[in-house]
Amino acid sequence: MASLEPFRRGEERGGWWGLPTLDGIAPIPSGEFAVLGARPGIGKTAMLTQVAVASASHGLRTLVVTLELPKESMRARLASHLSGVSVQALKRGAYAAEHVRAVG
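Residues numbered from 1 in each chain as written. Predicted model: local features only at pLDDT ≥ 70, side-chain atom pairs only at ≥ 80, totals over all residues. Heavy atoms only, no water.

Colleague: Help me out: how do you make sense of the packing of helix α2 (residues 44–57) against helix α3 (residues 71–83) in this one?
Modeller: The description of two helices packed together rests on the angle between their axes and the distance between the axes. Where α2 contacts α3, the two axes come as close as 10 Å, and the packing angle between them is 65 degrees. Judged on the interaxial angle alone, α3 and α2 are roughly perpendicular. Along this stretch, α2 crosses α3, giving a crossing that reads as right-handed. In contact with Thr45, Thr49, Gln50 and Val53 of α2, α3 contributes Met74, Arg77, Leu78, His81 and Leu82. In terms of residue class, the contact of α2 with α3 is built from four nonpolar, four polar and one charged. (Axes fitted to C-alpha atoms, helices over the stretch in contact; angles between N-to-C directions. Helix = DSSP H or I, 4+ residues; strand = E, 2+ residues; numbered from the N terminus. Parallel < 35°, antiparallel > 145°, perpendicular 65-115°, else oblique. Left-handed = near helix turned anticlockwise from the far one by under 90°. Contact = heavy atoms within 4.5 Å. Nonpolar A, V, L, I, M, F, W, Y, C, P; charged D, E, K, R; others polar.)

Structure (structure tokens):
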């Protein structure tokens, strides 16, 4: 990037929320950096997972960075989001073939 070159060009969409109403009225802009912080159990990772999956499903390349969760835990949360099975149920092995297909 050349000096003084704008980081964001025009109104490119940087991501999708995964909620049609919110995607329509408040698109995630390109070139923005955000840090999300809250107490444990509030839903930060769930929101991050939803945004990543929705953005990827629209053809955008996504990168998920977490400083708290190991890779296996983040994979389980993505699988949970894609399959509709809770992370706890996945850990117990309480899922069926259709859930595996949904993740695939």
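Anyway, onward from the coordinates.
Colleague: What's the story with the packing of aromatic side chains in this structure? I'm lost.
Modeller: Enumeration according to the criterion identifies zero aromatic pairs in this entry. Across from the ring centre of Trp16, 3.7 Å away, lies the NZ or CZ of Arg13, which sits over that ring. (Phe/Tyr/Trp six-rings, centres within 6.5 Å; stacked < 30°, edge-to-face > 60°. Lys NZ or Arg CZ within 6 Å of the ring centre and 35° of its normal.)

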